[in-house]
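# Overview (structure and organization)
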Amino acid sequence: MALVICVFTGTSHAQTANTCLDCHGALDPPLQVTEAQFSQDIHSQKGLTCASCHGGDPTKADMDAMNKSAGFRGKIERSQVPALCGRCHSDGTFMRQYNPGLRTDQLSQYQTSVHGKLFAKGDTKVAVCTDCHGVHDLRAPSDAASRVHPLNVAKTCARCHADASYMKGYSIPTDQFAKYSTSVHHEAMVVRGDLSAPTCTTCHGNHGAAPPGVDSVRNVCSNCHVFQAQMYEKSTHKAAFQSAGLPGCVVCHSNHGVTHPTDARLGTGSQAICMQCHTPGDECDKARAEMLAGLTNLSEAIKGADQVVGVAESSGMEVSEARLQQDQARDSLTKARVTIHSFQRALVDQDIQAGLKIAAQDLQAGRDALAEREYRRRGLGYALVFILLTVVGLFLYIRQNERESAKS
Amino acid sequence: MRLVSKVRGWLDERFGWAELIAPLREKSVPVHKLSYWYFLGGITLFLFGIQVFTGILLLLYYRPSANEAFESVQYIMTRVRFGWLVRSIHSWAANLMILTAFAHMFSVLFLRAYRKPRELTWVSGMILLFLVLGFGFSGYLLPWNTLAFFATKVGTEITAQVPLVGHELMILLRGGEEVTGATLTRFFGFHVALLPGLTTLMILLHLALVQRFGMSVPPRVEAQWKADPSKAREMKFFPNFLLREMMAWYIALGVLGALAAIAPWELGTKADPFGAAPAGIRPEWYFMFMFQTLKFIPSKIWRVDGEVLGILVFGLAGVVWVLLPFFEGKREKRGPRMLLGAGVFALCYIVAMTVYGYVAK
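Here is what the cut-offs are and how they apply
- Residues numbered from 1 in each chain as written.
- Chains lettered and ligands numbered in written order.
- Predicted model: local features only at pLDDT ≥ 70, side-chain atom pairs only at ≥ 80, totals over all residues.
- Helix = DSSP H or I, 4+ residues; strand = E, 2+ residues; numbered from the N terminus.
- Buried ≥ 20, exposed ≤ 12 C-beta atoms within 10 Å, placed from the backbone.
- Contact = placed C-beta atoms within 7 Å.
- Nonpolar A, V, L, I, M, F, W, Y, C, P; charged D, E, K, R; others polar.
- Core = buried A, V, L, I, M, F, W, Y, C linked by C-beta atoms within 7 Å.
- Arc of directions from axis to C-beta.
- Axes fitted to C-alpha atoms, helices over the stretch in contact; angles between N-to-C directions.
- Parallel < 35°, antiparallel > 145°, perpendicular 65-115°, else oblique.
- Left-handed = near helix turned anticlockwise from the far one by under 90°.
- pLDDT = per-residue confidence, 0-100.

In this section: the overall build of chain B. Counting its secondary structure elements, chain B contains 15 helices and four strands. Split into buried and exposed, the 361 residues of chain B put 29% on the buried side. A separation threshold of at least 6 residues defines the contact pool for chain B, and within that pool the share at least 24 residues apart is 77%.

And the structure:
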């Protein structure tokens, strides 16, 4: 073991000769590791060889390379993987040579994860390092082909978590990926290509992966949805949910299948959420109806102003200032929707009134522009009549003048 | 009327007014079925007058700096009473003036009005056409909007391709290596001082030459009149032709007003020199045929840079066009036919390339 460590730590930079691939490149799977495959591996690119993990002497040809006296360890058992990886990745001094910014707490985090805890109990079905990161073609997370690149994380987790037969015995659902695929987060990540959008590890953690738990859901969501969380702090729901043991944000928005929120959620239709708990006609129902009416009013006011300003703009009128202000009205609507999380009518109403004021000004600006357009067109009509009369007058004058000249 | 007579008498006593305007009273204009083409020059002059008038009004509010130009035009269009009308008329009249100047040039070419002794009238007219294009190019940048900024960038880059002096020419136009506020100030100077001065002088020369040689009669009509002098007709320039010309001016004014009221000239968005160029940047329509041609030319033609070759060909074509009357020569039929063919070709080429430039993606 000491020799392996010595080989691994002491000669890693210098190790370039790698005869292992000469044979393993020609073998059939699972023993096959090709040059093309291994050349993409981040460890290979940093100068490590097969012997760094498997031991042996890759500078020797044939079976001599796999001599146990040279520390050859053969196939790494799953039970040994976290410790083997941690041998380097938990060593800050060693890792600093390669990437000083890389964290070295992966193993300790893993040990706090559901995966790590079960692994410690002897469950080798749970994920170990190589299940997520791959082996022999292990790439940096920033590499788009990496299994742990933000775009690929959900698929990597789903390889186990969406496999009902594999997950049998763990008593957790296997529809997370299916739900996530319908979520607004998935849309942001995959459709819009926003790599900062949440994926599994954003909420569950990566090496320390675990469900957030009822008490910490709000903290997880508030990492991104800061203002919503601030408003929720002011709401009566916070205490009510806590005492009922309900997981905050998830109660209304769900977890994996978070869909785009609409104002209809405040309504009483099929998308209604409030009325799943509240009783029709109670004080909360009234507050809900008022807030919904406010949002609807503002939304309609913005649409109305947009339409009038749009017509004026397509007529060539200069309404760029009103267009710019419309963005502010839209910001007020967004702000009001965020303030809904306070569930306080007065706070929501402040934002709605601010937006309504701007939308009314823009509507007036649009109407003024249309009135100005009509004024211009009327002016044009008068001017054209005047021009026409002048042209006709000139024509008659010329004719009369020339007739008189011809007579004389 | 007595007051008018008194003023006329006063002027006559001091300046010999009657003697001064005698040539105008004597001046006559030939009358034939193609006489209406004579109006084009006058309409172009009228539009130039509109440009001077509206340009002076715009100067009251326009600020020629990169920080203020766009906002000042926006202010003119939204806050200044009838500012929108003045700016729209200025922009539309600029385009119509270029259109009528081109039409005037081709009408003179096809009616062979450039013939001896009017060669210099043609040359002065061609210089005026180039000056008008210069007005268009320099004025386009002044609102400092995105489209104008990038079109000017492309346009001035093309001048850099002129052999030997190209780079210096580009620096002269831009006031530096890049299109910046310095370019705007420079273009403003060209637009409101240099070009108007040169154009006024050239218009005076052009009008003096027209006055000196009179209106040209198309060769075929001239031959008919020679064969049968009784068929020759003419009208007095003052007031008969001038009144007719005024009718044309009024109609042009109506068209301008309608365009300004129904389709006000857009302002666009403020130029951001550090922003990305929007897709489909192209010059104003009157430069489109040259722009499209340069796009068609391969990057290398027999060791010579394609764009340089294109610029050279256009430069040479411009010089040849200015000197066109001198190429007619003494051959009675072949010379005129050759020039007519060149005119038809140029017109078709300009129209086809312009249309293609707008429809091609």
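What follows continues from the structure just given.
Looking now at the overall build of chain A. Helices and strands together make up the secondary structure of chain A, namely 21 helices and zero strands. Within chain A, the proportion of its 408 residues that are buried is 25%.

Chain B puts 20 residues into the contact, and the matching count from chain A is 16 residues. Elements with a minimum of two residues in the side of chain B that touches chain A: α5 (69-78) and α12 (237-262) of chain B. At twelve residues, α12(B) tops the list of elements feeding residues into the side of chain B that touches chain A. Counted by class, the side of chain B that touches chain A contains 13 nonpolar, five polar and two charged residues.

Residues B:Leu47, B:Ile89, B:Ala93, B:Met97, B:Trp144, B:Ala148 and B:Leu256 are the most contacted members of the largest nonpolar core, which totals 62 residues. Among the elements of the structure, α4 (39-59), α5, α6 (83-110), α7 (119-141), α8 (146-159), α10 (181-213) and α12 of chain B are those that each provide at least two residues to this core. Among the elements that take part in this core, α6(B) stands out by supplying 14 residues, more than any other. If we ignore the near neighbours within four places in the chain, the residues touching B:Ala93 are B:Leu47, B:Ile50, B:Gln51, B:Thr54 and B:Leu256. With 25 residues, the next largest nonpolar core counts A:Ala312, A:Met317, A:Val348 and A:Ile352 among its residues.

This part is about α5(B). Residue and element names in this part refer to chain B. Every buried residue of α5 is accounted for by Ala69, Phe70, Ser72, Val73, Ile76 and Met77. Buried residues of α5, viewed axially, fall in a sector of 165°; they line one side. At its buried positions, α5 is contacted by α4, α6 and α10.

Residue and element names in this part refer to chain B. Packing of α6 against α7 brings their axes to within 10 Å, and their N-to-C directions diverge by 160°. Put simply, α6 runs roughly antiparallel to α7. In the packing of α6 onto α7, the handedness of the crossing is left-handed. Across the interface between the two elements, Ala94, Met97, Ile98, Ala101, Met105 and Val108 of α6 pack against Trp122, Gly125, Leu129, Val132, Leu133, Phe135, Gly136 and Gly139 of α7. Counted by class, the contact of α6 with α7 contains eleven nonpolar, three polar and no charged residues.

So, on to the confidence of the model for chain B. When pLDDT is averaged across chain B, the result is 92; 99% of the residues are at 70 or more. As a predicted assembly, this complex carries a pTM of 0.70 together with an ipTM value of 0.79.

What follows concerns unusual backbone geometry. Residues and elements named next belong to chain A. A cis amide bond links Pro29 with the next residue in sequence, Pro30, at an omega value of 5°. Following the sequence through the fold, Pro30 ends up in the loop between α2 (20-24) and α3 (35-39). Phi angles above zero are rare outside glycine, and His136 is one such case at about 70°. Among the structural elements, His136 can be located in the loop between α10 (129-133) and α11 (153-161). Overall, His136 belongs to the partly exposed group, with 17 C-beta atoms counted inside 10 Å. Of note, the phi angle at Ser171 is positive, near 50°, even though the residue is not glycine. Tracing the backbone shows Ser171 in the loop between α11 and α12 (176-180).

A word on the confidence of the model for chain A. Averaged over every residue, the pLDDT of chain A is 89; the share at 70 or more is 96%. Counting contacts from residues 1-15 of chain A, a segment whose pLDDT is below 50, to residues more than four positions away or on other chains yields 17 contacts.

It is worth spelling out the environment of A:Thr174 at this point. All names here are of chain A. With respect to the secondary-structure elements, Thr174 resides in the loop between α11 and α12. Classification of Thr174 as partly exposed rests on a count of 17 C-beta atoms within 10 Å. C-alpha of Thr174 to C-alpha of His161: the two residues are 13 residues apart in sequence and 5.5 Å apart in space. When near neighbours in sequence (up to four residues on either side) are disregarded, Thr174 contacts His161, Ala162, Asp163, Ala164 and Met167.

Moving on: the packing of α4(B) against α6(B). Residue and element names in this part refer to chain B. It is at 8 Å that the axes of α4 and α6 come closest, and there the two elements cross at 155°. Our classification of the angle between α4 and α6 gives roughly antiparallel. Note that α4 runs across α6; the crossing there is left-handed. For the contact of α4 with α6, the per-class residue count stands at 15 nonpolar, nine polar and one charged.

All names here are of chain A. One can find Gln176 in helix α12. Judged by the 19 C-beta atoms lying within 10 Å of it, Gln176 falls in the partly exposed class. The spatial distance from the C-alpha of Gln176 to the C-alpha of Gly257 is 7.7 Å, given a sequence separation of 81 residues. Apart from the residues lying within four places of it in its own chain, the contact partners of Gln176 are His161 and His256.

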